[in-house]
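# Geometric and topological summary
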Amino acid sequence: MEWLGRAKIEFTHSPTPRAVKGKDGKETDLLKICEANTPPCHLNPLLFNGHIQTMWTATKPSGPPVFYRRRLFEADHATYKGSYAVDFAVEPFEENDPTLPCRTAYYTEEEEKNLGSDDNKPMLVVLHGLSGGSHEVYLRHTIAPLLGNGGWEVCVVNSRGCAGSKITGGVLYNARATWDVRQTIKWLRQKFPNRPLFGLGFSLGANMMTNYCAEEGENCVLKAAVVCSNPFNLDCTTKLMQSTLIGRELYLRVMGSSMKQLIATHKTEIKKYTTIDPDAVAKVTYLYEFDRAVQCPTWGYPTESAYYRDASSCDSVLSIRIPFLAINAKDDPIALDGALPYEEFRQNPNTILLTTSLGGHLCWFETGGSRWLTKPVNNFFNYMAFEADFESLTPTKEAATDEARANFDPMRRRLHVRQM
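Here the structure is a predicted model, which means the values were calculated and not measured.

### Details of empty space enclosed by the protein
This structure, assessed with the given rule, holds three cavities of 30 Å³ or more. Approximately 80 Å³ is the volume found for the largest cavity. Taken together, Leu-127, Val-157, Asn-158, Ser-159, Arg-160, Leu-172, Tyr-173, Ala-177, Trp-179, Asp-180, Val-181 and Met-208 make up the full set of residues lining the largest cavity. In terms of residue count, the dominant contributor to the lining of the largest cavity is helix α5 (residues 179–191) (three residues). Partitioning the lining of the largest cavity into residue classes produces eight nonpolar, two polar and two charged. One number sums up the size of the second largest cavity: a volume of about 70 Å³. Every residue lining the second largest cavity is listed: Arg-160, Ile-167, Leu-172, Tyr-173, Met-259, Leu-262, Ile-263, His-266, Phe-290, Val-294 and Gln-295. The element that contributes the greatest number of residues to the lining of the second largest cavity is helix α8 (residues 245–265), accounting for three residues. A per-class count over the lining of the second largest cavity returns eight nonpolar, two polar and one charged.

### A short note on the pairing of strand β10 (residues 153–157)
With respect to burial, β10 is a largely interior element, five of its five residues being buried. On β10, burial covers both faces: Glu-153, Cys-155 and Val-157 on one face and Val-154 and Val-156 on the other are all buried. The pairing of strand β7 (residues 83–90) with β10 spans three bridges and is classified as antiparallel. By the bridge assignment for β10, Phe-88 is matched with Cys-155. Note: strand β9 (residues 123–127) against β10, five bridges, orientation parallel. The residue of β10 that forms the bridge with Val-126 is Val-156. Handedness of the β-α-β unit built from β9, helix α4 (residues 137–143) and β10 comes out right-handed.

Cut-offs applied
- Residues numbered from 1 in each chain as written.
- Predicted model: local features only at pLDDT ≥ 70, side-chain atom pairs only at ≥ 80, totals over all residues.
- Heavy atoms only, no water.
- 1 Å grid on protein atoms, 1.4 Å probe; cavity = no way out; pocket = protein on both sides within 12 Å on 5 of 7 lines; lining within 4 Å.
- Points joined across faces, edges and corners; volume = space filled by probe spheres on them.
- Helix = DSSP H or I, 4+ residues; strand = E, 2+ residues; numbered from the N terminus.
- Nonpolar A, V, L, I, M, F, W, Y, C, P; charged D, E, K, R; others polar.
- Buried < 20%, exposed > 50% of the residue type's maximum accessible area, 1.4 Å probe, protein only.
- Pairing = 2+ DSSP bridges.
- Right-handed = clockwise from strand over helix to strand, strands pointing away.

Right, here's the structure in full:
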């Protein structure tokens with residue numbers, strides 16, 4: 001029946017998923033919650049494979065309108081100096097700033113001074129995909145139902161230089177760039193102490209969010225997180241795409257072009273703050289060539305493969321200690337099925353991997369243009385925010401290790417950053 005758009009849904013999980021208690025006192029578990037909140041996946045039968053689903057985004061569907069106010073942050077870590085922008089979803093307004101994406105404007109000084117609240121609304125922290133931003137259609141499709149009467153507050157952490165933000169230092173962003181979201185979450189805890197926080201990531205942002213949750217481990221302040229179309233194993237996905245004509249000449253070429261455009265947009269700042277040669281970057285063709293020209297010299301990686309291995313989040317799954325749901329399509333031509341860490345999900349009771357046989361990359365288009373993805377994501381978050389007992393969402397403790405024996409630490413990175 002897949003050719004009629006009826007995708008198969010599978011859940012990969014631990015034999016003993018973590019227990020969760022409802023506010024009504026009833027006991028359940030993470031798997032049952034995910035199963036109960038995942039509707040059948042009936043997609044547009046005319047978009048019958050991952051390539052067509054993914055390419056359909058080129059038609060530039062408008063998506064639901066979401067309005068944002070922007071606040072700029074200065075990095076609080078010496079290694080990551082520079083600024084970044086966070087967009088907060090707000091009520092509609094008439095103001096227009098031509099330097100920013102549509103429906104986005106800066107907070108006024110007075111508005112910034114008054115930021116903060118003692119309310120207990122759930123708040124979602126979102127990370128977008130490669131070279132994207134808060135304006136992306138897939139992102140707006142997903143968060144729109146949560147806003148307004150949905151009862152949620154939402155903010156999007158824009159990667160440096162993205163979504164009209166300025167580059168003010170020598171640090172850009174990469175696939176393991178968790179420093180800005182970490183600082184943002186710390187700030188949110190101070191300004192909104194009673195709000196339960198949740199995390200959502202898309203594509204490259206999904207890789208970042210997975211790494212963030214794992215790096216925080218049992219100290220993670222998020223109640224739960226969802227990641228969508230996470231490539232997980234970056235070295236594997238890149239090599240798999242390189243091995244096919246369409247993977248190399250379409251996806252890697254398009255992603256390489258989008259990153260080249262980012263450098264071109266900030267050419268003056270790149271020359272001022274870094275040793276990167278924008279003219280040399282302009283000559284690359286594919287994403288892996290861009291990473292070789294930019295990420296390697298920026299961070300000291302000897303090759304792009306070394307960078308991919310270090311920044312991947314496949315091992316990070318093992319260190320997650322909060323309720324965590326990953327959603328991927330098996331026909332995704334970018335976050336490829338062959339790179340998904342199925343065994344790692346089976347090892348961690350805090351994690352669930354939901355896969356559909358159809359859907360493409362960040363798409364899952366239904367007949368009429370809606371996206372199936374929004375339903376399991378929003379259902380999961382609404383259950384965790386409004387029906388679950390928060391005490392039962394407390395991060396689980398790290399398993400004790402025998403110091404006398406060799407042990408595997410999933411978060412032992414090769415790139416060492418001194419804590420300042």
